[in-house]
Each structure stands twice: as C-alpha cells, then as structure tokens.
Amino acid sequence: MPTLFERIVARELPADIVHQDDRVTAFRDIHPRAPVHILVVPNKPIATADDIDDSDEALVGHMFTVARDLARREGIAANGYRLIINCREHGGQEVYHLHVHLVGGAPLGPMISAR
Ligand code: DGP
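These numbers come from a predicted model, not from an experiment.

Caption draft 1: Spatial organisation of helix α2 (residues 57–73). Taking 1.5 Å of rise per residue, 17 residues should cover 24 Å, and α2 covers 24 Å from first to last C-alpha, within 8% of that figure. Tucked inside the fold, the buried residues of α2 contact β1 (17–20), β2 (24–28), β3 (36–42), β4 (81–84) and β5 (100–104). In the stretch just after α2, G75 is the one whose phi turns positive, near 80 degrees.

As structure tokens, this is what we get:
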C-alpha cells in the first residue's frame, strides 16, 4: 500500500504543493499549527527517521536545503522558524513517511511543552 504522502507525491491525492523536484515534494500541512506550515517529504518512501539509510544522506540534506529555500520564499527566514521531524510513537509521528515540518510566521513558544 502506498503511503498517504506517496499518493500526494504522485498527485493522486490533492494537496497544495509548493515545491517538487526529482527527489522531494513540499506541500502545505492540512492542519497548520502556524501561519506557515509546510511538509517536506522524500519522493521515495522512508518510513521514519530511524529508517534513513546511510545512502540517503544526500537526499536528507536536500530536504533541508529545500526547507531553507521555502522559508526564504515564504518570508519567514529572517525572524526564524522551526524544523521538526517526529519519529514513531513517542515522537508523535502520525504519517509513516519521513517528513520535515517547516513551521513559522509567528513566535512558536517552547520547543517541548512542560510535563
Ligand atoms: P506527524 O505527526 O509528524 O506524522 O505529522 C503528520 C502531519 O501530516 C500532520 O501535521 C497533518 C499532516 N497531514 C496528514 N494528512 C494529510 C493530508 O492528507 N494532506 C496534508 N496536506 N497534510 C496531511
């Protein structure tokens, strides 16, 4: 079964895609937590951060340079933003297709809420 995000990458499911190239796709999160909330995903399925292979180093680096460029394009780079990768259950991962959340456009508060 293709992941939800594979189906977005293949344009089988609708999404507000803001960037796509031969390695990654970026689209707006369906439930934005900040004025800017974009997900950057590899086109090929990698389930979690723990499933990144050594051979994926360049791909993962590309996810970050795309996130950097999108932050500039969205006008949030100067004030800053947050990049988040949730991994598995304790990380709060909901969709098992690796993704970087690019969130910003307002102060984001503490990195992790107090217990
Ligand atoms: P995470 O908890 O890190 O796995 O985040 C998954 C994110 O994916 C969550 O912020 C909501 C978003 N999301 C889930 N389904 C869809 C969808 O169908 N379209 C879009 N654009 N975003 C989705």
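Caption draft 2: Expanded view of a nonpolar patch on the surface. Residues F64, Y81, L83 and I85 make up a contiguous nonpolar surface patch of about 300 Å² in total accessible area. In this fold, L83 is placed in strand β4.

Caption draft 3: Main features of the site of the ligand. The environment of the ligand is formed by 15 residues, the closest being D29, N86, E94, H99 and H101. Measuring from an oxygen atom of the ligand, one finds a side-chain N or O atom of H101 at 2.8 Å. Protein burial of the ligand: of its 510 Å² of free accessible surface, 88% is covered by the chains. Elements represented by at least two residues in the shell around the ligand include exactly α1 (4–9) and β2. Ranked by residues supplied to the shell around the ligand, first place goes to α1 with three residues.

Caption draft 4: Summary view of the pattern of salt bridges. What the rule picks out here adds up to seven salt bridges. In this structure, R28 engages E74 in a salt bridge whose closest nitrogen and oxygen atoms are separated by 2.9 Å. Taken together, the residues span a long stretch of sequence, with R28 in strand β2 and E74 in the loop between α2 and β4 at a distance of 46 residues. On the basis of relative accessibility, which here comes to 31%, the residue R28 falls in the partly exposed class. A single network of salt bridges, built from pairs that share partners, joins D16, R28 and E74.

Thresholds applied
Residues numbered from 1 in each chain as written. Predicted model: local features only at pLDDT ≥ 70, side-chain atom pairs only at ≥ 80, totals over all residues. Heavy atoms only, no water. Helix = DSSP H or I, 4+ residues; strand = E, 2+ residues; numbered from the N terminus. Expected span 1.5 Å × (residues − 1). Contact = heavy atoms within 4.5 Å. Patch = residues over 30% accessible without salt bridge, like charges linked within 9 Å, V, L, I, M, F, W, Y side chains within 5 Å. Areas by Shrake-Rupley, 256 points an atom, 1.4 Å probe, with all protein chains shown as cover. Salt bridge = Lys/Arg side-chain N within 4 Å of Asp/Glu carboxyl O. Near = heavy atom within 4 Å. Polar contact = N/O pair within 3.5 Å; in protein donor to acceptor, adjacent residues only side chain to side chain. Buried < 20%, exposed > 50% of the residue type's maximum accessible area, 1.4 Å probe, protein only.

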